[in-house]
Amino acid sequence: MEAENRITSFEKTVQYDDGDASGNDTGTAKHPDHPPRLWRGVLLTAVCTLSIVLVSATMSSSLISLPVIGNDLGIREDQLQWITSAYALSSTYMGDEKSSSLAVSFKEHSPWDADLITLAVLRGFQGLGAAATIPASLGILAYAFPPGNARSLAFATFSAGQPLGGGLGSAVGGLLTQFAAPSWRTMFYVIAGLSVICIIGAFALIERDPLSTEKDKRVDWIGVALITSGLILIVFVLSDGEVAPKQWKTPYIIALLVVGVILSAMFLVWQWYLERLYTLDEPPKWVTPPLMKLSLWRRGNGRFAAMQAIVFFLMCAFQSWQLWAVLYYQNYKGYSPVLTMLRVLPTVPTGILCNVLIGLVIERIPGVVLIAIGCLCTAVSGLLFAVINPNATYWAFGFPSAVITVFGADFVFAAGSLFIAKLALPHEQSLAGGLFQTMAQLGTSFGLATTTIVFDRVRAQQGKRLGIDVDPQGLNAPPEAQLRAYRAAEWTIFAFGAFACLLAVLFLRGVGVVGGPHKPPTSGDFKSDSEHTVAIDSAP
């Protein structure tokens, strides 16, 4: 009874009208009973999808340009991943619908960069746009489309933006980098211009936020400071541990790693403490709402947490594959940005076909099957590069790898976002989407840093085996040492994807079909801290 009172007390401060006086959620904002009109639904989905296309294109266009950026600004190869990690790390902020219309304006930065530090900082500002855009878009679509066929189609279309933007970013970015006068800077101008369309569409199509009965609108700034500082320090250590004066034995590397882990642990303890106090009938006045409810992770018998872990490791593999495929083609094979773009271009049509397929089968095939197959395909794409024969034709290894790598991002984002939406209450949709986005971007940063460590270590070891002391930039590394290093990075990618597949098989069994009509969860489905279960099989 005490636990039930705490849950009810917590819900009283942030309520949505999704029921009646029988104990379900009540408030002023009510889910529409029917999806919006066809034209409005199409345009709304298009604007939200364009936003994630731009987010993904910003990442992939920078990846295709990394070698050129490195040569232009004199950045070492082992530090190039900071350009992508800074973007991914800052995009772990969890936004809401209010920030969506202005979020893309952050993408106007970075055509005037002069060095790595400036570029990384401005890439961090770009990441704030992704942080606000994706969670807000998920919340907007979840609110606009009630559970049913229309929502499944809207979410599948939105998820298509991830690989579509990645492919278009690589294609257009490669062309502009090689042929446009400003080189790699041109793509940032293009993205800034397209962002204006998103801003106009957001103001025209996204309805005003419904009035909320939330009484306490304070922000947990202590939690913000703890988790931001902790994650930045951890990613910094992972990125610079190999290039520090004494590598991992460097005192400041050890100190920063310890501090980063402690701050991250303190954040979790602080959130647990705030949630316990805030759910009291009369919480202390100084207590703010927690930044992240830890109880949310136990939803669906822990499957919410499992889904977050799956997208984390899947993105470790998917984004790392993009980085090392580009570097392999340009730095090892010596291809131009355009020739490299042509070799990763199959991800675009494959991504589109995957999401057409998802729209057709997501209401018929269990979610665990779709997610496991997607993770397995991404793992195999890394395996193909791990055993690649540089003298073999592109169609033997490169083409099939580029075709199947997007299955993971497509299937996991489409099925995973629908599954997360089914486990979240109406007013939690943006928070749940924000956590999903956070884990995806943290996975990107962790995967890029980890594969870079593996690449550097193997290249140095293989260089010594051949009697060469490889310099920090790797310019004197013999081709054999480079090839083994690229293969080792791809083996790591395979391990990430395979582990994500294993998690799906072990922990998502029984989730049923995630698309189609189902009964929305209410606060009554979560009656105690130890009983966080909802009906996750589809039901009309």
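Cut-offs applied
- Residues numbered from 1 in each chain as written.
- Predicted model: local features only at pLDDT ≥ 70, side-chain atom pairs only at ≥ 80, totals over all residues.
- Heavy atoms only, no water.
- Helix = DSSP H or I, 4+ residues; strand = E, 2+ residues; numbered from the N terminus.
- Areas by Shrake-Rupley, 256 points an atom, 1.4 Å probe, with all protein chains shown as cover.
- Axes fitted to C-alpha atoms, helices over the stretch in contact; angles between N-to-C directions.
- Parallel < 35°, antiparallel > 145°, perpendicular 65-115°, else oblique.
- Contact = heavy atoms within 4.5 Å.
- Nonpolar A, V, L, I, M, F, W, Y, C, P; charged D, E, K, R; others polar.
- Phe/Tyr/Trp six-rings, centres within 6.5 Å; stacked < 30°, edge-to-face > 60°.
- Buried < 20%, exposed > 50% of the residue type's maximum accessible area, 1.4 Å probe, protein only.
- Lys NZ or Arg CZ within 6 Å of the ring centre and 35° of its normal.
- Expected span 1.5 Å × (residues − 1).
- Salt bridge = Lys/Arg side-chain N within 4 Å of Asp/Glu carboxyl O.
- pLDDT = per-residue confidence, 0-100.
- Core = buried A, V, L, I, M, F, W, Y, C linked by side-chain atoms within 4.5 Å.
- Bend = angle between axes of the 7 residues up to and from the residue.
- Polar contact = N/O pair within 3.5 Å; in protein donor to acceptor, adjacent residues only side chain to side chain.
- Disulfide = S-S within 2.5 Å.
- Left-handed = near helix turned anticlockwise from the far one by under 90°.

Novice: Looking at this model, I keep getting lost on the overall build of the protein. Mind explaining?
Specialist: Along the backbone of the protein there are 16 helices and zero strands. Summed over its atoms, the accessible surface of the protein is roughly 21,600 Å², and 66% of this surface lies on carbon and sulfur atoms.

Novice: Explain the packing of helix α6 (residues 149-179) against helix α7 (residues 186-205) here, please?
Specialist: Packed helices, taken two at a time, are described by their axes: the angle between them and the distance between them. Packing of α6 against α7 brings their axes to within 9 Å, and their N-to-C directions diverge by 130°. By the criterion of interaxial angle, the relationship of α6 to α7 is oblique. Packed against α6, whose contacting residues are G169, V172, G173 and L176, the element α7 presents T186, M187 and V190 at the interface. Taken together, the residues of the contact of α6 with α7 sort by class into four nonpolar, three polar and no charged.

Novice: Is there a simple way to explain the packing of aromatic side chains in this structure?
Specialist: The relation between two aromatic rings is expressed through the spacing of the ring centres and the mutual angle of the planes. Evaluated as defined, the whole model comprises 26 aromatic pairs. Measuring from ring centre to ring centre gives 5.0 Å for F312 and F313, while their planes differ by 85°; the resulting arrangement is edge-to-face. Taking relative accessible area as the criterion, F312 reaches 15% and is therefore assigned buried. Of the residues examined, F313 reaches a relative accessible area of 19% and is grouped as buried. Chaining the aromatic ring pairs together yields one cluster made of W321, W324, Y328, Y329, Y332, Y335, F385, F455 and Y486. Between R343 and the ring centre of Y335, over which it is positioned, the NZ or CZ distance is 4.1 Å. Over the ring of Y394 we find R343, and its NZ or CZ is 5.8 Å from the ring centre.

Novice: Please clarify how helix α14 (residues 398-422) should be interpreted in this entry.
Specialist: Its 25 residues place the ends of α14 37 Å apart at the C-alpha level, agreeing with the 36 Å of an ideal helix rising 1.5 Å per residue. The buried count for α14 comes to 23 of 25 residues, which makes it a mostly enclosed element.

Novice: Teacher, can you tell me more about the pattern of salt bridges here?
Specialist: Pairing between side chains of opposite charge can happen when their charged atoms approach one another. Applying the stated criterion across every chain, the model contains three salt bridges. A salt bridge links R459 to D456; its shortest N-O distance comes to 3.6 Å. Separated by three residues within a single helix, R459 and D456 lie in helix α15 (residues 429-465), roughly one turn from each other. In this structure, R459 and D456 share a single accessibility class: buried.

Novice: How do you make sense of the environment of F397 when you look at a structure like this?
Specialist: By the element assignment, F397 lies in the loop between α13 (367-386) and α14. Note: C-alpha distance between F397 and A386 (eleven residues apart in sequence) is 9.6 Å. Once residues lying within four places of it in the same chain are set aside, the contact partners of F397 are L384, V387, I388, N389 and A392.

Novice: I'm lost on the confidence of the model for the protein in this one. Help?
Specialist: Low-pLDDT portions of the prediction should not be read for the details of their coordinates. The predicted model of the protein averages 76 in pLDDT, with 78% of residues at 70 or higher. In the model, residues 1-29 has pLDDT below 50 throughout and makes 74 contacts with residues more than four positions away in sequence or in other chains. Taken together, the stretch residues 528-540 has pLDDT below 50 and engages in 43 contacts with residues farther than four places along the chain or on a different chain.

Novice: What's the story with the nonpolar core in this structure? I'm lost.
Specialist: Side chains that are nonpolar tend, in soluble globular proteins, to be buried together. Counting residues in each nonpolar core, the largest one holds 119 residues, and the members touching the most others are M307, I310, V311, W324, I371, C375 and L508. With 19 residues, the single largest contributor to this core is helix α10 (residues 303-332). Ignoring sequence-local partners within four residues, the contact set of I371 consists of M307, I310, F411, V412, A415, G416, A504 and L508. By size, the runner-up hydrophobic cluster in this structure holds five residues, among which are I64, A171, V338 and M341.

Novice: Would you mind going over helix α2 (residues 38-73) with me for this structure?
Specialist: If you check α2, its first and last C-alpha atoms are 49 Å apart, about what 36 residues at 1.5 Å a residue would give, namely 52 Å. Maximum bend of α2: about 55°, positioned at L66, with proline P67 one to four residues after it. Burial within α2 is extensive, with 26 of its 36 residues counted as buried. Just downstream of α2 lies G74, where phi reads positive at about 70°.

Novice: Even after reading the chapter, I still don't get the side chain of T350, so can you show me in this structure?
Specialist: Here T350 is to be found in helix α12 (residues 347-361). Its relative accessible area of 10% is what places T350 among the buried residues. Here the side chain of T350 touches P346 through a polar contact of 2.8 Å, landing on its backbone oxygen. Apart from residues lying up to four places away in sequence, T350 is in contact with V403, V406, F407 and D410.

Novice: So what exactly am I meant to see when it comes to the state of the cysteines here?
Specialist: Note on terminology: disulfide describes a covalent bond linking the sulfur atoms of two cysteines. Under the counting rule described, the total for this entry stands at zero disulfides. Of all cysteine sulfurs in the structure, the one in C48 sits closest to C198, which takes part in no disulfide; the separation is 8.5 Å.

Novice: Would you take a moment to explain the environment of G382 for this structure?
Specialist: Topologically, G382 is positioned in helix α13. You can call G382 buried: its relative accessible area is 0%. With residues up to four places along the chain from it excluded, the contact list for G382 reads W321, E490, I493 and F494.

Novice: Is there a simple way to explain the environment of A154 in this structure?
Specialist: In this fold, A154 is placed in helix α6. A relative accessible area of 4% places A154 in the buried class. If we skip the residues at most four places from it in the chain, A154 touches T45, L141 and F145.

Novice: Would you explain unusual backbone geometry in this entry?
Specialist: Leaving glycine aside, a negative phi is the common case for residues, and trans is the common case for peptide bonds. Of note in this structure, N301 is not a glycine but carries a positive phi near 55°. Within the element layout of this structure, N301 appears in the loop between α9 (251-278) and α10. Given the relative accessible area of 58%, N301 is considered exposed.

Novice: Even after reading the chapter, I still don't get the side chain of Q308, so can you show me in this structure?
Specialist: Counting through the fold element by element, Q308 comes out in helix α10. Not counting chain neighbours up to four residues away, the residues in contact with Q308 comprise W297, I420, A432, L435, F436 and M439.

Novice: Looking at this model, I keep getting lost on the packing of α10 against α14. Mind explaining?
Specialist: At a minimum axis separation of 10 Å, α10 and α14 run at an interaxial angle of 155°. In terms of orientation, α10 and α14 fall into the roughly antiparallel class. For α10 against α14, the interelement crossing comes out left-handed. Contacts from R303, F304, M307, Q308, V311, L314, M315, F318, W321 and Y329 of α10 reach α14 at G398, S401, A402, T405, V406, G408, A409, V412, F413, G416, F419 and I420. Residues that form the contact of α10 with α14 fall into these classes: 15 nonpolar, six polar and one charged.

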